Amino acid sequence: PSKRCEVEIRRRSAFLWIVVAAAALRGGSAMRLVLQRVVSASVSVDGAEVSTIGRGLLALVGLHEEDGAEDLLYCARKLCGAKLWENESGKSWRQSVRQMEYEILLVSQFTLFGEVTNKKHVPDFKASMKTAEATRTY
């Protein structure tokens, strides 16, 4: 049976940051991250909360079928090091989630590799990492 998954986000601004980070390693498509600064965020499955964070980043993570350990480390460094907050002097884009000691919530999102390139306009997710391997990777 299918499970219902809900993500609840509380945020102050409409700021959205899209990172296609690991592609540089292979020169092609690779792991994709969509980042959202949040005041708080949570994930519920079938009505039961499974994870929650306070101030920090919600990261929708799309794993590519060819992603390996090197790609994961590269993206983790980018995620933790992205300077998305202002510093104590008020200068924008100077502090990372790590420097601010904020939290990160990762949410698997295979649809980040969806393509609609066929005549029927049906989404194709074949570039996404398969479920069993993605579960081990997380």
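Look up: the structure comes first, before these words.
Rules behind the numbers
Residues numbered from 1 in each chain as written. Predicted model: local features only at pLDDT ≥ 70, side-chain atom pairs only at ≥ 80, totals over all residues. Heavy atoms only, no water. Salt bridge = Lys/Arg side-chain N within 4 Å of Asp/Glu carboxyl O. Buried < 20%, exposed > 50% of the residue type's maximum accessible area, 1.4 Å probe, protein only. Core = buried A, V, L, I, M, F, W, Y, C linked by side-chain atoms within 4.5 Å. Helix = DSSP H or I, 4+ residues; strand = E, 2+ residues; numbered from the N terminus. Contact = heavy atoms within 4.5 Å. Pairing = 2+ DSSP bridges. Axes fitted to C-alpha atoms, helices over the stretch in contact; angles between N-to-C directions.

Details of the pattern of salt bridges
Then step 1. For the coordinates displayed, the defined rule picks out 1 salt bridge.
Then step 2. K126 is the salt-bridge partner of D124, the closest N and O atoms lying 3.6 Å from each other.
Then step 3. Look at D124 and you get partly exposed, because its relative accessible area is 26%.
Then step 4. By relative accessible area, which is 58% here, K126 ends up exposed.

Points about the nonpolar core
Then step 1. Judged by nonpolar contacts, the single largest core of 15 residues is most densely connected at L33, L35, L57, V61, L63, L79 and L84.
Then step 2. Elements with a minimum of two residues in this core: β3 (32–38), β6 (56–62), α2 (69–81) and β7 (83–85).
Then step 3. When neighbours within four sequence positions are excluded, L79 is seen to be in contact with L33, L35, L57, A59, V97, I104 and L106.
Then step 4. In terms of nonpolar packing, the next biggest core, distinct from the first, is built from 7 residues, V38, A41, L58 and V107 among them.

Things to note about the sheet that holds strand β5 (residues 48–53)
Then step 1. The sheet built from 3 strands is open, its strands ordered β1-β4-β5 with antiparallel pairing. Whereas interior strands pair on both sides, the edge strands pair on one side only; in this sheet they are β1 (5–10) and β5. This sheet shows a mean twist of 15° between the axes of neighbouring strands, independent of strand direction.
Then step 2. Examined bridge by bridge, strand β4 (residues 40–45) and β5 share 5 bridges and lie antiparallel to one another. Note on β5: the bridge partner recorded for V45 is A48.

Just geometry here; none of it tells us what the structure is for.
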